[in-house]
Amino acid sequence: MTTPRSTMLARLLAGALPGLTALALLAPPALATTGATPDLEDGRRTFESVCAACHGPAGRPDPENPTVKALDPQPADLSDPLFNSREPAEDWQIVVTHGGQALGLSATMPSQGAAFDEQQVRNVVAYAKTLAPGSESYPPGELNFFLPIRTKKAFPEDEIVWKSRLTERDGDNVWRNVIEIEKRFGKRSMGVVEVIHEDDGTDAEITEVEVGAKTVLHWDLARRSILSGAVVVALPTDGDASDEIIPYLAYGRLFDERWMFQSSARLILPVDDVDTGEAEFAGVVHYRWTQWPRRVFPALEFTAAVPFEDDGGDSVQWTVVPQLRFGLTRGAHVALSLGAEIPLSDQPYDTRWHLSLLWDFADGSFFKGWR
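Because the structure is predicted, anything quoted here is derived from the model rather than measured.

What follows deals with unusual backbone geometry. Residues other than glycine seldom take positive phi values, yet R224 does so here, at roughly 55 degrees. As for its position among the elements, R224 is in the loop between β4 (204-220) and β5 (225-236). Residue classification places R224 among the partly exposed residues on the basis of a relative accessible area of 22%. With a phi close to 60 degrees, A332 is a non-glycine residue in the positive phi region. Owing to a relative accessible area of 8%, A332 belongs among the buried residues under this scheme.

Structure, rendered in structure tokens:
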């Protein structure tokens, strides 16, 4: 017996929205800060005596300053609210302590680890974070979590991602490649274009193009949580296939300094016949055992696909996706993820092997920071 479309959609949406809300309520309390609360006045004095010579007293380098002219690349503009917000404070603390080279940035940014203790580093970074008026309207970089294989991210990005998937099944295997281009706009939003190519051993062709937009709906830096909503339109290149509208919610939460959780819920709605669509739910936990981004980080992900048409059988498809993230460059603006998607239910394939290569082009050239 088929469940009516309206009932099924209501049931799925009712489960998705409160479910993500419940995750926020059940998550642990806010992170404990390391060390004392930053002293902004001490940070100001340090910044003006040490940092202002290159970055400028207000965070904006003076291009006519002979010291600045001699530097290549030029010092970062700390007064730019997008730049200031998208970089997490912990990355700035690494750079101040160990120098720019530590994260693949300019080698002319000197190490201050011998001159400042940990509290002084926190103080000057906290002050530098105040130099961009309006940055509080941008989602903070502390909530820019790792990219999972299946779960959708909440943070808006300037990235190019190559996603490759080999599906092992009876008969011919299917190799699927996706090029995804993400570009931020406004204070909290992002546009996305995906081009999908598939090769089943007989035909190799572009099968679909997806375009969409995502915006951050809410974030809480104290609780280290972020929630976004998005809408994607899938346009198949095969004239017999239906266009699809794909809305989704994405949620992220840093449980503590080592564990980050992300989840997403999306509906796949064929325009020609919504009843043939499905809902997809995914969640992943990454273990971040070090603050240094050029390391290997393990993760475990689960997915569930729920078809709208319910025939009374066991129609929900479950998978588990163990995976590893490799930070390839010093700042990990280029990163590789490898994973195996293993069915936990009756599905028409044995295993899916995933590879994702990410380049955050906002952080510089693809070739920057490899050594």
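From this point, the discussion proceeds with the structure in view.
With 16 residues, helix α2 (residues 40-55) ought to run about 22 Å at 1.5 Å a step, yet its terminal C-alpha atoms sit only 17 Å apart, falling short of that. At E48, α2 shows its largest kink, close to 50 degrees. Three or more residues of α2 are buried, namely D42, G43, T46, F47, C51, A52 and H55. Buried residues belonging to α2 abut α6 (118-128). Residue G56 follows α2 closely and has a positive phi angle near 90 degrees.

On to the side chain of E341. Secondary-structure assignment places E341 in strand β11 (residues 334-343). Side-chain polar atoms of E341 contact the side chain of R150, separated by 2.4 Å. Among residues more than four places away in sequence, those in contact with E341 are R150, T303, T319, V320, V321, Y349, T351, R352 and H354.

This next bit is on the packing of helix α5 (residues 89-98) against α6. Packing of α5 against α6 leaves a shortest axis separation of 9 Å and a crossing angle of 125 degrees. Comparing their axes, α6 and α5 come out oblique. Crossing of α5 against α6: the hand is right-handed. Within the contact between the two elements, α5 uses A89, W92, Q93, V96 and T97 and α6 uses V121, R122, V124, V125 and A128. Along the lines of polarity and charge, the residues of the contact of α5 with α6 split into seven nonpolar, two polar and one charged.

What follows covers empty space enclosed by the protein. By the definition in use, this model includes one cavity of 30 Å³ or more. Taken as a whole, the largest cavity encloses approximately 40 Å³ of empty space. Lining the largest cavity we find L147, R325, A335, S337, S356, L357 and L358. Elements represented by at least two residues in the lining of the largest cavity include exactly β11 and β12 (351-359). In terms of residues, the lining of the largest cavity owes the most to one element, β12, which gives three residues. Of the residues that constitute the lining of the largest cavity, the class distribution is four nonpolar, two polar and one charged.

With the rule as written, the count across this model stands at 10 aromatic pairs. Ring geometry for W359 versus F366: centroids 5.9 Å apart, planes at 90 degrees, classification edge-to-face. The class of F366 is partly exposed, set by a relative accessible area of 25%. The ring of W92 carries K129 above its face, with NZ or CZ at 4.2 Å from the centroid.

Here α6 lies mainly inside the structure; eight of its 11 residues are buried. When we look at burial in α6, the residues that qualify are V121, R122, N123, V124, V125, A126, Y127 and A128. In this structure, the buried residues of α6 make contact with α2, α4 (81-86) and α5. For α6, the side-chain oxygen to backbone nitrogen distance between the N-cap and Q119 is 3.1 Å, and the N-cap itself is D117.

Of all 11 residues in strand β6 (residues 244-254), eight are buried; the element is thus mostly enclosed. Inspection of the sheet shows β5 paired to β6 by 10 bridges, in the antiparallel sense. Paired with G229 across the bridge in β6 is L249. Taken together, the nine bridges between β6 and strand β7 (residues 259-270) define a ladder with antiparallel strand orientation. Bridged to Y248 within β7 is R266. Between the end of β6 and the start of β7, which pair antiparallel, lie four residues.

When you line up the elements, E157 lands in the loop between α6 and β1 (159-168). The class of E157 is buried, set by a relative accessible area of 3%. A polar contact is formed between the side chain of E157 and the side chain of K153, at a distance of 2.4 Å.

Calculation rules
- Residues numbered from 1 in each chain as written.
- Predicted model: local features only at pLDDT ≥ 70, side-chain atom pairs only at ≥ 80, totals over all residues.
- Heavy atoms only, no water.
- Helix = DSSP H or I, 4+ residues; strand = E, 2+ residues; numbered from the N terminus.
- Buried < 20%, exposed > 50% of the residue type's maximum accessible area, 1.4 Å probe, protein only.
- Expected span 1.5 Å × (residues − 1).
- Bend = angle between axes of the 7 residues up to and from the residue.
- Contact = heavy atoms within 4.5 Å.
- Polar contact = N/O pair within 3.5 Å; in protein donor to acceptor, adjacent residues only side chain to side chain.
- Axes fitted to C-alpha atoms, helices over the stretch in contact; angles between N-to-C directions.
- Parallel < 35°, antiparallel > 145°, perpendicular 65-115°, else oblique.
- Left-handed = near helix turned anticlockwise from the far one by under 90°.
- Nonpolar A, V, L, I, M, F, W, Y, C, P; charged D, E, K, R; others polar.
- 1 Å grid on protein atoms, 1.4 Å probe; cavity = no way out; pocket = protein on both sides within 12 Å on 5 of 7 lines; lining within 4 Å.
- Points joined across faces, edges and corners; volume = space filled by probe spheres on them.
- Phe/Tyr/Trp six-rings, centres within 6.5 Å; stacked < 30°, edge-to-face > 60°.
- Lys NZ or Arg CZ within 6 Å of the ring centre and 35° of its normal.
- Pairing = 2+ DSSP bridges.

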